[in-house]
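Descriptive analysis of the structure
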Amino acid sequence: MKFKKLLSVFTAVSLLAGATIPAVSAAEKKIDYTVINPYESVDWDTSDTYKACLHCHTVASDGKVDLPEWLGLYYDAGYDILAVTDHGVINNGWNQDRRTNGIFNGFKKVTKLTDEEYERITTGADRNGRGMTDITGGIECNMAVVSKTHVNGYWTTYGQGVWGKENDYETAPREIEKSGGYSVLNHVGDWVNSNNYPDRSHNPFYINYFANIFTKYKTCLGMEIINNTDNCTRADRELWDELLQVVIPKGRNIWAFADDDSEYRDEVGRSFELFPLAENNEENVKQAMISGSFFAASKFQKNPSRTDEIAGDGLVPLVTDIKIDGNKITVECDKTRGCDTIEWIADGKVIAEDNTGSCSYTLDLNDYQDDLGCYVRFELKSPEHGVTYSQAFELQYEGRVDKEIPESPIPDNFFGRLFWLWYQRLSVTLADTIIEKILGWVGVIPKLPV
């Protein structure tokens, strides 16, 4: 009898515990993540960080300074890597002749570096051996289109003297890839006009259009998320986040670039890339651009949906180490450079923020697994200095729900091709530009042409 009573009590307690302690749901179980780290190849103990500008202009196109003085400005400003990307003019080396386009550059005379000056700058003979690397095959394609669908090419032979098509970001990446080069889409907000109408960064037409370019052309490495002072690109980071969500599931990433796009002397040093490299040479820069093992950075940040803006001195936060330990990502920063805040971003939303200024930050993915999709990235901020942007870390895990590329309102058929033939006419672009400006002046949000 005593045994039966004890068994009854034990059973009752077990039933009560089962009723009061809920079963662990699938959402509460810890997920095991595989983090694809774009900085995996970086040896943080032996590498140094090199400052780069991959988009600038001289008098060979619409810049206001000739090449020798221009290189001197960047060299004296402490730059380590420079790609001269004149409109429709390929740079085959700073000490090589360039063929200009006459009318486009106002028939200005262009000069090149002497071999002696080339040696001095590229070896850093008067800068303690810290030379400035010449990125060859640099050009900005679609040189004279009103729609400003500009594409930078690197290590390419395509684009010399080619005027380009209106409303066309695709031809240049395709032709650059055929030539064996690599491309980056420049200031897409200029074409989208998302500076004035930021909701367009979330429009299915633009997401579809750019996602298809990135999935078709593997050598199209990424897009500028900041150009110059971030006026025209202020909504482009939102578009970047939209694109990451639909392109990463297709097996590739989109790297973030930030550049001066400079033409005038006072535009030097506004936005740039930071490359952690074992040695600063052209091949190492190329491989880093392909693998995404670099950072975008800027003195400026302007956001369409937030009131806080940054206009610093350019001494942006500097990453000194990134470690992946299971489901944790740890970022170390240079304490002498300052870093007030880190923001972790997934699916275009800030999921975590640390403003302690500790210069050592860890994100435990399991603490935010309900907020995670296929990637996470971070932004390091200092209001006095500027912003440093990481590339996106892809997250692979069981049960990941991926987004599809949205359908375009333009059909992929005969009628769709007719639309593009019409939309790429100069007269249509001019009319569209004028209408948008007039409607903007009177406070009317214009409808998209599609």
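What this report covers is the structure whose coordinates are included nearby.

Reading the values: the criteria
- Residues numbered from 1 in each chain as written.
- Predicted model: local features only at pLDDT ≥ 70, side-chain atom pairs only at ≥ 80, totals over all residues.
- Heavy atoms only, no water.
- Phe/Tyr/Trp six-rings, centres within 6.5 Å; stacked < 30°, edge-to-face > 60°.
- Helix = DSSP H or I, 4+ residues; strand = E, 2+ residues; numbered from the N terminus.
- Buried < 20%, exposed > 50% of the residue type's maximum accessible area, 1.4 Å probe, protein only.
- Lys NZ or Arg CZ within 6 Å of the ring centre and 35° of its normal.
- Expected span 1.5 Å × (residues − 1).

1. Examining the packing of aromatic side chains
- Within the structure shown, the criterion is met by 29 aromatic pairs.
- Plain terms: the ring middles of Y169 and W191 are 5.8 Å apart, the flat faces sit at 70 degrees to each other, and that makes the pair edge-to-face. Of the two residues, Y169 is situated in the loop between β6 (151-154) and α4 (171-178) and W191 in helix α5 (residues 188-192); the sequence distance between them amounts to 22 residues. In terms of burial, Y169 and W191 fall into one category: buried.
- For the ring pair W191 and Y206, a centre distance of 5.4 Å and an interplane angle of 90 degrees mean the geometry is edge-to-face. Taken together, the positions of W191 in helix α5 and Y206 in helix α6 (residues 204-216) put the pair 15 residues apart, joining distant regions of the chain.
- For W191, a relative accessible area of 8% puts it in the buried group.
- In textbook terms, an aromatic cluster arises when at least three aromatic residues are bridged by ring pairs, as seen for Y169, W191, F205, Y206, Y209, F210, F419, W420, W422 and Y423.
- Lying across the ring of W155, K286 places its NZ or CZ 5.5 Å from the centre.

2. Considering helix α7 (residues 236-247)
- With twelve residues, α7 should cover 16 Å at 1.5 Å per step; its first-to-last C-alpha distance of 16 Å lies within 8% of that length.
- Most of α7 is tucked away: eleven of the twelve residues are buried.
- Every buried residue of α7 is listed here: D236, R237, L239, W240, D241, E242, L243, L244, Q245, V246 and V247.

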